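Each chain is listed here by its residues.
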Amino acid sequence: MAPVDEPNECTGLLTPTSERRSKRQKRTPTPLPLVQIWVVLLLQVVEPITGQSIYPYINQLISELDITGGDEKRVGYYAGLIESLFFATEAITVLQWSRLSDSMGRKPVLLIGLFGTMLSMFCFGLSRTFWALVLSRCLTGLLNGNVGVMKSVMGDLTDSSNRAEGMGLIPAIWSCGAAIGPVIGGTFARPHERFPGVFDDWFWVEYPYFLPCLISGICAFAGFLLTLCVFKESSPRRQKYTRSVSDDSLETLVSYKHFEPVPLRALFVYPVILSVSNYVADAFLNISFAALFPLFCAMPREIGGLGMPPSTIGYIMGSYGAVCGIFQFFFFAKTIRFLGERRVFLNGMMLYPMVFALFPLISLCAGTWLAWVGIALIIISLVFMDMSFGAIFMYLTASAPNKASLGATNGLSQTVVSISRAIGPAFATSMFSVSVENNILGGYGVYALFFTLSVLALYLAIQIPEEVWEEDD
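Given the structure is predicted, the values throughout are model-derived calculations rather than measurements.

Engineer: So what exactly am I meant to see when it comes to the overall build of the protein chain here?
Structural biologist: Along its length, the protein chain carries 19 helices and two strands. Within the span of the protein chain, comprising 473 residues, buried residues form 59% of the whole. Intrachain contacts of the protein chain at a sequence separation of at least 6 include 83% that bridge at least 24 residues. Of the roughly 18,500 Å² of accessible surface on the protein chain, a fraction of 66% belongs to carbon and sulfur atoms.

Right under this line is the structure:
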């Protein structure tokens with residue numbers, strides 16, 4: 001972990017010695033505790049399923065609630081607000097949940113988060129007013145600190161020799177969930193129309209979006225049961241042994257020198273600040289794209305969109321998640337070892353300007369095969385862009401002052417990232433509406449803005465050191 005009591009260490013890390021790099025490359029990777037790793041990964045897949053299952057139909061839902069008075073140009077304002085509320089409320093509590101996991105343990109916090117996610121999804125599906133949607137999304141964020149806690153668990157179970165394999169699986173599994181979630185939302189929204197012989201009861205007509213929420217909630221409940229019955233506590237303060245061997249796997253648990261979390265102010269050191277800043281930039285651009293793309297696909301061609309139905313949008317987003325997940329699962333660790341964490345992160349950040357520049361070109365080709373070529377290029381780019389998350393997770397995990405403060409470090413990063421993710425969707429979709437309503441750059445002003453922000457984020461990315469921060473395993 002990055003030291004906090006040696007002020008000169010940070011500057012030295014910016015130029016790693018060849019001796020340190022050689023030692024790191026020659027070290028034999030510690031065997032991963034596979035059973036616990038896979039439990040965490042199965043929990044990880046629940047997050048994007050519940051979070052992104054609403055994306056294919058949220059714009060149609062906003063239109064049907066007649067919040068905009070029939071003005072399609074204003075849908076972006078309200079859709080972005082709904083998408084942002086989860087992250088806004090999560091930012092209020094995620095640091096507290098993460099710090100609580102350092103002292104009380106990871107398992108209780110994970111259980112609370114999964115139960116809260118399940119409950120809020122059921123509420124969302126039963127909502128028939130705008131404010132009911134608002135309250136259900138707020139409930140999700142307030143009760144859910146699992147995003148930061150699961151990264152802490154992965155940090156507990158890995159060390160610097162095998163972290164590429166462990167951390168690389170997080171974005172890969174997230175992508176699988178990101179593939180499943182939109183497909184669930186696009187396929188099972190309005191089931192009385194899509195499956196009239198099965199869902200023709202009055203309930204499905206009155207609550208046309210409850211079925212995808214029900215399926216997502218069941219996934220969260222399955223994760224709750226898995227955590228309750230299988231997951232073993234990984235918090236360093238709760239560990240009572242350093243190594244255990246089972247018939248299924250070799251579970252190697254790291255021995256810790258420091259069992260007490262550092263004060264919150266001790267987290268504000270250069271390695272943590274730089275790692276968190278780059279994570280925030282990456283997350284902001286990524287969530288802004290995630291909000292813009294389905295809106296761009298759903299809006300009529302007359303205002304710069306593609307006029308696609310929710311099912312098509314769901315399948316496009318699902319295909320991206322599937323391709324990205326498969327690629328990262330098989331190639332992330334190999335790519336990290338070949339190129340290094342810094343190069344992988346920079347490569348991903350370099351692609352953001354190109355992706356945002358493709359939007360107006362696709363719009364101009366709407367209705368032709370060239371539009372599908374542009375969408376394919378975006379999906380391919382996203383595969384490499386998403387690898388940047390695994391790389392920055394490795395910097396972030398290594399930047400923690402000690403193992404006992406890993407939860408607080410991840411909580412701090414997730415708090416700031418949640419704020420950026422709360423701002424991102426509302427900002428991006430609102431800028432879409434502003435650009436269209438005021439005909440800024442022909443309605444494409446939002447893409448020029450995000451192109452500029454992507455270039456600025458790339459400047460921040462080049463500040464990270466060649467090697468991850470040195471840590472004590």
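Engineer: What exactly am I supposed to notice about a nonpolar patch on the surface here?
Structural biologist: A cluster of nonpolar side chains, L34, W38, I326, F329, F330 and F331, forms an exposed patch at the surface whose accessible area comes to about 600 Å². Put simply, the parts of the chain that give the nonpolar patch at least two residues each are α3 (34-52) and α14 (310-339). In terms of residues, the nonpolar patch owes the most to one element, α14, which gives four residues. Mapped onto the fold, F329 is located in helix α14.

Engineer: Explanation requested: the packing of helix α13 (residues 270-298) against helix α15 (residues 341-364) in the structure shown.
Structural biologist: A pair of packed helices is captured by two measures, namely the crossing angle of their axes and the spacing between those axes. As a packed pair, α13 and α15 sit with axes 11 Å apart at the nearest point and diverge in direction by 25°. The angle between α13 and α15 falls in the class roughly parallel. Once α13 is placed against α15, the crossing between them reads as left-handed. Of the residues in α15, those in contact with N278, D282, L285, N286, F289, L292, F293 and F296 of α13 are F345, M349, Y352, V355, F356, F359, I362 and S363.

Engineer: Could you clarify how one ought to interpret unusual backbone geometry in this entry?
Structural biologist: It is generally the case that most residues other than glycine have a negative phi and that most peptide bonds are trans. Located in the positive-phi region is N439, a residue other than glycine, with phi close to 55°. With respect to the element layout, N439 can be found in the loop between α18 (406-437) and α19 (445-461). Its identity is not glycine, yet L441 carries a phi of approximately 50°, on the positive side. On the accessibility criterion, L441 (60% relative accessible area) is exposed.

Engineer: Got a minute to help me understand the pattern of salt bridges in this structure?
Structural biologist: Pairs can form between side chains of opposite charge once their charged atoms are near each other. On inspection of all chains with the given rule, the structure shows three salt bridges. One salt bridge connects R190 with E64, and the closest N-O pair in it is separated by 2.9 Å. One end of the pair, R190, is in the loop between α9 (163-188) and α10 (191-194); the other, E64, is in helix α4 (residues 55-64), and 126 residues separate them in sequence. Between R190 and E193 there is a salt bridge, with the nearest N and O atoms lying 2.7 Å from each other. When salt bridges with common partners are traced through the structure, they connect E64, R190 and E193 into a single cluster.

Engineer: I would appreciate a short explanation of helix α12 (residues 210-229) in the present structure.
Structural biologist: One turn of an α-helix holds 3.6 residues; hence residues three or four places apart share an orientation. Under the 1.5 Å per step criterion, the end-to-end length of α12 is 28 Å for 20 residues, consistent within 8% with the ideal 28 Å. Those residues of α12 not exposed but buried are F210, L211, P212, C213, S216, G217, A220, G223 and T227.

Engineer: Help me understand the packing of aromatic side chains, please; the structure alone is not making it clear to me.
Structural biologist: Each aromatic ring pair is summarised here by two numbers: the centre-to-centre distance and the angle between the ring planes. Under the defined criterion, the tally for this structure stands at 32 aromatic pairs. Ring centres of F130 and W131 lie 5.6 Å apart, and the angle between their planes is 70°; on these two criteria the pair is classed as edge-to-face. By relative accessible area, F130 is classed as buried at 12%. Between the aromatic rings of F203 and Y207, the centroid separation amounts to 5.1 Å while the plane-to-plane angle is 45°, which identifies the pairing as tilted. Since its relative accessible area comes to 21%, F203 is described here as partly exposed. Chaining the aromatic ring pairs together yields one cluster made of F284, F289, F293, F296, F356, F359, F427, Y444, Y447 and F450. The ring centre of F124 lies 5.9 Å from the NZ or CZ of R137, which sits over that ring.

Engineer: Help me understand the nonpolar core, please; the structure alone is not making it clear to me.
Structural biologist: Across soluble globular proteins, you tend to see nonpolar side chains buried next to one another. Core analysis: the biggest nonpolar cluster contains 122 residues, and I82 and F124 have the highest contact counts within it. Per-element accounting of this core gives the leading share, 17 residues, to α13. Setting aside anything within four residues of it in sequence, one finds I82 in contact with I54, I58, I62, F124, F130, L133, V134 and R137.

Engineer: When you look at the confidence of the model for the protein chain in this model, what are you seeing that I'm missing?
Structural biologist: Should pLDDT be low for a region, the predicted coordinates there are not to be read in detail. For the protein chain, the average pLDDT comes to 80, and 85% of its residues sit at 70 or higher. Averaged over each element, pLDDT in the protein chain is lowest for helix α1 (residues 9-13) (40) and highest for α19 (94). Segment residues 3-21: pLDDT under 50, and 24 contacts once partners within four positions in sequence are set aside and those in other chains are kept. A low-confidence stretch, residues 240-258 (pLDDT under 50), is modelled with 39 contacts involving residues beyond four sequence positions or located in other chains.

Engineer: Looking at this structure, I do not really get the side chain of S53. What am I missing?
Structural biologist: Within the secondary structure, S53 sits in the loop between α3 and α4. Classification of S53 by relative accessible area gives buried; the value is 0%. In this structure the side chain of S53 is engaged in a polar contact, spanning 3.3 Å, whose partner is the side chain of S216. Excluding residues within four positions of it along the chain, S53 makes contact with P48, M121, G181, P182, G185 and S216.

Engineer: Help me out: how do you make sense of the environment of E233 in this one?
Structural biologist: Within the secondary structure, E233 is located in the loop between α12 and β1 (243-245). In this structure, the C-alpha to C-alpha distance between E233 and D156, residues 77 residues apart in sequence, is 9.9 Å. At a separation of 2.7 Å, a polar atom in the side chain of E233 contacts the main-chain amide nitrogen of R106. Here the side chain of E233 touches K107 through a polar contact of 3.1 Å, landing on its backbone nitrogen.

Engineer: How do you make sense of the packing of helix α6 (residues 106-125) against helix α7 (residues 130-143) when you look at a structure like this?
Structural biologist: One can describe the packing of α6 onto α7 by two numbers: an axis separation of 8 Å at closest approach and a directional angle of 175°. If you check the angle between α6 and α7, you find them roughly antiparallel. Touching I112, G113, G116, L119, S120, C123 and F124 of α6 are L133, S136, R137, L139, T140 and L143, all from α7. Here the contact of α6 with α7 is composed, by residue class, of seven nonpolar, five polar and one charged.

Engineer: Would you take a moment to explain the environment of G305 for this structure?
Structural biologist: By the element assignment, G305 lies in the loop between α13 and α14. The exposure class of G305 is buried, given its relative accessible area of 1%. Through-space distance from the C-alpha of G305 to that of L364 is 9.3 Å; in sequence the pair is 59 residues apart.

Thresholds, definitions, all that
Residues numbered from 1 in each chain as written. Predicted model: local features only at pLDDT ≥ 70, side-chain atom pairs only at ≥ 80, totals over all residues. Heavy atoms only, no water. Helix = DSSP H or I, 4+ residues; strand = E, 2+ residues; numbered from the N terminus. Buried < 20%, exposed > 50% of the residue type's maximum accessible area, 1.4 Å probe, protein only. Contact = heavy atoms within 4.5 Å. Areas by Shrake-Rupley, 256 points an atom, 1.4 Å probe, with all protein chains shown as cover. Patch = residues over 30% accessible without salt bridge, like charges linked within 9 Å, V, L, I, M, F, W, Y side chains within 5 Å. Salt bridge = Lys/Arg side-chain N within 4 Å of Asp/Glu carboxyl O. Axes fitted to C-alpha atoms, helices over the stretch in contact; angles between N-to-C directions. Parallel < 35°, antiparallel > 145°, perpendicular 65-115°, else oblique. Left-handed = near helix turned anticlockwise from the far one by under 90°. Expected span 1.5 Å × (residues − 1). Phe/Tyr/Trp six-rings, centres within 6.5 Å; stacked < 30°, edge-to-face > 60°. Lys NZ or Arg CZ within 6 Å of the ring centre and 35° of its normal. Core = buried A, V, L, I, M, F, W, Y, C linked by side-chain atoms within 4.5 Å. pLDDT = per-residue confidence, 0-100. Polar contact = N/O pair within 3.5 Å; in protein donor to acceptor, adjacent residues only side chain to side chain. Nonpolar A, V, L, I, M, F, W, Y, C, P; charged D, E, K, R; others polar.

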